[in-house]
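Close look at the chain arrangement
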Amino acid sequence: MDSDQKAKELFEDALKNLFDGDQQLISRWLETPVPALAGESPQTLMGTPTGCEILERYIKKLKYGDYS
């Protein structure tokens, strides 16, 4: 799977499961640097395969209430 497809799946997962479909909230989250992601924004990480893997793990943690 290429990084564009992976990024799309991550975006859809976050939109559906974390933000209840709130487009404005997801856009703000995508653009905001996150301390748990070494200060990178989720959108920046979606640009590389490694970044997508990091973001995928982070989203899974959020879904299960692990905010570390």
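About the criteria used
- Residues numbered from 1 in each chain as written.
- Predicted model: local features only at pLDDT ≥ 70, side-chain atom pairs only at ≥ 80, totals over all residues.
- Heavy atoms only, no water.
- Helix = DSSP H or I, 4+ residues; strand = E, 2+ residues; numbered from the N terminus.
- Buried < 20%, exposed > 50% of the residue type's maximum accessible area, 1.4 Å probe, protein only.
- Polar contact = N/O pair within 3.5 Å; in protein donor to acceptor, adjacent residues only side chain to side chain.
- pLDDT = per-residue confidence, 0-100.
- Phe/Tyr/Trp six-rings, centres within 6.5 Å; stacked < 30°, edge-to-face > 60°.
- Core = buried A, V, L, I, M, F, W, Y, C linked by side-chain atoms within 4.5 Å.
- Contact = heavy atoms within 4.5 Å.

Quick notes on the side chain of Ser 41
Among the structural elements, Ser 41 can be located in the loop between helix H2 (23-31) and helix H3 (42-45). Taking relative accessible area as the criterion, Ser 41 reaches 9% and is therefore assigned buried. Separated by 2.8 Å, the side chains of Ser 41 and Thr 44 make a polar contact.

Considering the confidence of the model for the chain
Of all residues in the chain, 90% attain a pLDDT of 70 or more, and the chain-wide mean is 82. Mean pLDDT values over the elements of the chain span from 73, in helix H1 (residues 3-18), up to 90, in H3.

Re the packing of aromatic side chains
Evaluation of the coordinates by the stated rule reveals 1 aromatic pair. With 5.4 Å between their ring centres and 50 degrees between their planes, Phe 19 and Trp 29 make a pair best called tilted. With a gap of 10 residues between them, Phe 19 in the loop between H1 and H2 and Trp 29 in helix H2 connect regions that are remote in the sequence. No difference in accessibility class separates Phe 19 from Trp 29, as the two residues are buried.

Structural notes on the nonpolar core
The biggest cluster of nonpolar side chains holds 16 residues, and the ones touching the most others in it are Trp 29, Leu 55 and Tyr 58. With sequence-adjacent residues up to four places away left out, Trp 29 is seen in contact with Ala 14, Phe 19, Pro 42, Leu 55, Tyr 58, Ile 59 and Leu 62.

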